[in-house]
Each structure stands twice: as structure tokens, then as C-alpha cells.
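Overview (structure and organization)
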Amino acid sequence: MTHNSIDTAVTRFLEEEGVDFRLLHHSKPAKTIEEAAQERGVDPKQLVKSILLKDMAGFHILACVPGPNAVDPKKVRELFGCRRMTCADASDVEKITGLVIGTVAPLGLKRPLPIIFDHQIEQHTKVNISSGDRMAGLELATDDLVILCDPMFGDITRD
């Protein structure tokens, strides 16, 4: 277990679960996936981007794709049998996840949510997620992330 100098819901969850992770500090907050990958010294494809989606009835889903990819809400909607599905706005993201945009991870969420991973996430043995803080990311084994999230899998990236 790596010593942690950032205390967030995400890092606390990993520590409580006894999961090995590595904290990757940023010199400045990253505004893009490319900046985050550069700050962490990793391939952008190893980053897991977490996007909160909602349907017309207020049903929320956390969709996770490799960093450079975009979530296709239409594909997610079809997998869950929802009507229209869009990205949640900033106030919803914080209210539902407990995390602000740019710090959302599929762990340490304020409340349980259905989570869906794109299959491409499994292409790497280690992945990077947000630490819940703009000044660091976390690296952990892909298998650990999958076990902890217990996500549904599908093809959810834009073609």
C-alpha cells in the first residue's frame, strides 16, 4: 500500500478496502486528459474517464471509457433501455457523486450508481483514475478496479 498524502472519498475507500495504489501528484490541475496523462507520466489510454449521464426520468449512470475516447450516450441508453440520455450538468455531478467535475472516479461515490465500463479499459493491466482531488491521480491494477466497481461492460465509445 502506498502512503497517501491526499485525503478524499476515493483514497479513503481504497485504503479501507486494502487495495494497493500509487498516488501520482500533479504540479498543476489538469484541464484535459492529455494534461493529466502528461502530469502523471502515463499513456492517456491508461486513464479512465468517468462521465455521469442521466435520462429524462432522472436515472443516473456512471460511464467509464479510456481517456482519449468519448462516451456515446446513445449506446449507453440502448444498453440500459432508457429513453433520451445526456451528460449531467456540473451541479448534478457534485450532488450525485460527491465529487466535482474533473475529479470523478468510479470509486468513493456519495451513493451507489450503476457503472458501465467500455471493454477497452481491460486492455491495460494498470489504469489511472482520479483521486478525487485536482492535484493527483491514482494508479491501480485494472483487476482491482473491476472487482471494486463490479461494472457492466459494453461498447460505449463514440465510433
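So, a few notes on the structure that sits alongside this text. Note that the structure is a prediction, hence the values are computed from the model and not measured.

Criteria and cut-off values
- Here the residue numbers are simple positions, counted from 1 along each chain's written sequence.
- Only residues with pLDDT of at least 70 get local features here, since the model is predicted, and only at 80 or more are side-chain atom pairs given and counted; chain-wide, interface and lining totals rely on the full set of residues.
- Side-chain metrics rest on all non-hydrogen atoms present in the structure, leaving aside hydrogens and water.
- Working definition: helices are DSSP H or I runs of at least four residues, strands are E runs of at least two. Numbering for both runs from the N terminus.
- Only protein chains enter the accessibility calculation, which uses a 1.4 Å probe; a residue whose area is less than 20% of its type maximum is buried, one above 50% is exposed, and one in between is partly exposed.
- Residue contacts follow a heavy-atom distance rule, with two residues in contact if any of their heavy atoms lie within 4.5 Å.
- A 1.4 Å probe and the Shrake-Rupley method give the accessible areas. Residues count as covered only by the protein chains that appear here.
- Under the convention used here, Asp and Glu are negative, Lys and Arg are positive, and both His and the chain ends fall outside the count.
- Here the site of a charge means atom NZ of a Lys, CZ of an Arg, CG of an Asp or CD of a Glu.
- Here the nonpolar core consists of buried residues drawn from Ala, Val, Leu, Ile, Met, Phe, Trp, Tyr and Cys, with membership extended through side-chain atoms lying within 4.5 Å.

**Looking at the overall build of the protein chain**
A tally of regular secondary structure across the protein chain gives five helices and eight strands. Dimensions along the principal axes, computed over C-alpha positions, put the protein chain at roughly 45 × 30 × 30 Å. Per-residue burial for the protein chain yields a buried fraction of 49% across its 159 residues. Pairs at least 24 residues apart make up 60% of the contacts formed inside the protein chain by residues separated by at least 6 positions. Only carbon and sulfur atoms are counted for the fraction: they give 49% of the accessible area of the protein chain, which is about 8,100 Å². Separation of charge centres in the protein chain, based on 19 positive and 24 negative side chains, amounts to 8 Å.

**Considerations on the nonpolar core**
In this structure, L14, L62, F117, I129, L140 and L145 are the most contacted members of the largest nonpolar core, which totals 30 residues. Contributing elements (two or more residues each) for this core: α1 (9-17), β2 (48-55), β3 (60-66), α4 (90-97), β5 (115-118), β6 (126-130), β7 (136-141) and α5 (142-149). Setting aside residues no more than four positions away along its own chain, F117 makes contact with C64, P106, L145, V146, C149, P151, M152, F153, G154 and I156.

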